[in-house]
Structure formats: structure tokens, C-alpha cells
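Single-letter residue listing:
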Amino acid sequence: MTDQDPIVRLQDINIKYGAYHAVRNVTLEVARGEVVAIVGPSGAGKSTLLRTINMLEQPVSGTLHVGQFTFSLDHELTSKQLLALRRSTGMVFQSFNLFPHMTVEKNISLPQMRVLGRSKSEADSRTAKLLERVHLSDKAQSYPARLSGGQQQRIAIARALALDPQVMLFDEPTSALDPELGLEVLSVMRELAAEGMTMIVVTHEIAFAAEVADRVVVMADGAIIEQGEPEQVIRNPSSPRTQKFFRAILDRH
Ligand SMILES: Nc1ncnc2c1ncn2[C@@H]1O[C@H](COP(=O)(O)OP(=O)(O)OP(=O)(O)O)[C@@H](O)[C@H]1O
Ligand SMILES: [Mg+2]
């Protein structure tokens, strides 16, 4: 594997829930340092696809490469590899999922100690740097319940970064937030992108996708229906389905 190889490669991925075909023949490559926004109507399969990248969903067919890991039905990962794969992908959800009974510092340090075997002082020193990066150094000793939603989500981002992931996966990280709190989170994500982090972001924030993403991928009915540079896909989509989707979003604003 070289630095030029895509860091994430999904080939002909199919996912079914019983008889329901949620993701259909999806092929997607993401380069190192690339920011890909995935958009599309509710039920399109965006979350399912994102969850496949860290194997929270297992495809019924297709091949998945993430960094040095390869998964296919005839090449299953051992549980050790599966853990390593999950560790190499930092996931940030719509709901922040912080541990309510732990301080911010402990929320970020504990996984580093448990998963990476860092000592408490190593972990705490990394945590301090990450808190600086998400502009919340003053909150190290606070409990999550005392923070705003936007602050909690920035802590969730710091926690995901603490395990040194190769790629960050975001599933509508701002949709549970008031718009101005969402902006704080988007601004941290913009900084991460500028620092060269590989990011795959499922989002309804079209302005963010237009500004930050290198590529916009549009999904509908489990398939990728269109993709390309944001300007092209958002302003001048070629598929009527994509046109309708963006028109509906822009009309809401
Ligand atoms: N665990 C599950 N069991 C059964 N069906 C599921 C499951 N998870 C998702 N689905 C179905 O698969 C389809 C795709 O769901 P998914 O959550 O990936 O959509 P989405 O594009 O993320 O939508 P949204 O924008 O609403 O989050 C939907 O029809 C959903 O009902
Ligand atoms: Mg979803």
C-alpha cells in the first residue's frame, strides 16, 4: 500500500436487512486527505453505508478496504483485526454518546488508556492538546451535562481523534443542534479538513458540503446516483432526482 492508494475502498457493496436491500452495489473510493460529503433523502442508505466502513454493518457481498484491512465474504477479519479496523476509523454520531458520569478529560483519556494502553499522564497530555484543538481547554473538568450540545459534540470529536484514526466518519453531526451551535461544530470540522484529515461526512448541511468537501456523493434508494465536485453536483446536477433533492433543501432555507 502506498500513500497514493485510496484509504477507503468499497467495491460492489450490498447490504440487506432481511429482504430489504438497503445498499445496492455501491463502489466508492476515498483518497488520503480527501473530504467526501454524502447527501441524499432520508432512507437512502447513507448511515448504513457509513457504518459499513467500520464494519458496524456487514455486507452480504462486496469488498471493503480500509487502510491495511480487507474484508470480503471470503476474507473475513479476525476479531483482533475488526477491533483494529474500528480503531482506525473515528466515528461521530448525531447523538454525542459521551459518558455522563465522567469528566470531559476522562471521557477522552479513558479510551486511550483502555484501547491504546497509554499511561494516564500520556493520555491526559494528549487530551489537553485535543481540547485545545476543539477550543474547549477550559472544560476538562466539567461533566457533559453542563456543556451545550455544540460543546458536547466537539468533545465527541476530540474523543474520536484521541485514538489517532486514519479516517473520520461523521453521521449528521450537527442535526441535533441549534443552528448556531452547529456552526461551532462545523468550524472544528473545517479546521480538521484543512489539517488534512480524511473525512466522510453524511450531512444535510449543503453550504458546508459546498465549502469544505472535495467531493459530494448523492445517494438515493441505496445507490449512488451522482457524484462530483460540490459546485457541479449542487449547482448543476445532472440527474433529475438530484435536482429535485437539492431544490427541496434550498426551498427550506
Ligand atoms: N437495523 C435495521 N433494520 C432494518 N432496516 C433498517 C435498519 N437500519 C436501516 N434500515 C433501513 O434501511 C434503509 C436505509 O437506512 P439508513 O439509516 O441508512 O438511511 P439514511 O440515508 O441514513 O436516512 P436518514 O437521512 O433518515 O438518516 C431505510 O429504509 C431504513 O429503514
Ligand atoms: Mg442516517
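This is a predicted model, so every value here is computed, not measured.

Asks: So, the overall build of the chain: which residues are in play, and what are the values?
Replies: What the chain contains, in helices and strands, is nine helices and 10 strands. Over its C-alpha trace the chain gives a radius of gyration of 18 Å, about what one expects of a compact globule, namely 18 Å for 253 residues. Overall, the chain is about 55 × 45 × 35 Å in size when its C-alpha atoms are taken along their principal axes. Excluding contacts between residues fewer than 6 apart, the proportion of contacts in the chain whose partners are at least 24 apart in sequence is 64%.

Asks: Which residues make up the site of ligand 1, and what are the values?
Replies: Around ligand 1, the neighbouring residues are Tyr17, Tyr20, Ala22, Gly40, Ser42, Gly43, Ala44, Gly45, Lys46, Ser47 and Thr48. Listed by contribution, the elements that provide at least two residues to the shell around ligand 1 are β2 (20–30) and α1 (46–53). Top contributing element to the shell around ligand 1 by residue count: α1, with three residues. For the shell around ligand 1, the residue count by class is four nonpolar, six polar and one charged.

Asks: Outline the environment of Ala194, listing residues and values.
Replies: Within the secondary structure, Ala194 is located in helix α6 (residues 179–194). Overall, the presence of 10 C-beta atoms within 10 Å leaves Ala194 in the exposed class. Separated by 17 residues in sequence, Ala194 and Glu211 place their C-alpha atoms 11 Å apart.

Asks: Could you give an account of the packing of helix α3 (residues 104–116) against helix α5 (residues 149–161), naming the residues involved and the relevant values?
Replies: For the pair α3 and α5, interaxial distance at closest approach is 8 Å and the crossing angle is 25 degrees. When the axes of α3 and α5 are compared, the pair comes out roughly parallel. Between α3 and α5 the crossing geometry is right-handed. Between α3 and α5, the contacting residues are Val104, Asn107, Ile108 and Pro111 on the first element and Ile155, Ala158 and Arg159 on the second. Looking at side-chain class alone, the contact of α3 with α5 contains five nonpolar, one polar and one charged residues.

Asks: Describe the pairing of strand β8 (residues 198–202), with residues and values.
Replies: When you tally the buried positions in β8, you get five out of five residues, the bulk of the element. Going residue by residue along β8, you find Thr198, Ile200 and Val202 tucked away on one face and Met199 and Val201 tucked away on the opposite face as well. Sheet topology places strand β7 (residues 167–171) next to β8; five bridges connect them, and they run parallel. Looking across to β8, one finds that Leu169 is bridged to Ile200.

Cut-offs applied
- Residues numbered from 1 in each chain as written.
- Chains lettered and ligands numbered in written order.
- Predicted model: local features only at pLDDT ≥ 70, side-chain atom pairs only at ≥ 80, totals over all residues.
- Helix = DSSP H or I, 4+ residues; strand = E, 2+ residues; numbered from the N terminus.
- Rg over C-alpha atoms; globule rule 2.2 N^0.38 Å.
- Contact = placed C-beta atoms within 7 Å.
- Near = placed C-beta within 6 Å.
- Nonpolar A, V, L, I, M, F, W, Y, C, P; charged D, E, K, R; others polar.
- Buried ≥ 20, exposed ≤ 12 C-beta atoms within 10 Å, placed from the backbone.
- Axes fitted to C-alpha atoms, helices over the stretch in contact; angles between N-to-C directions.
- Parallel < 35°, antiparallel > 145°, perpendicular 65-115°, else oblique.
- Left-handed = near helix turned anticlockwise from the far one by under 90°.
- Pairing = 2+ DSSP bridges.

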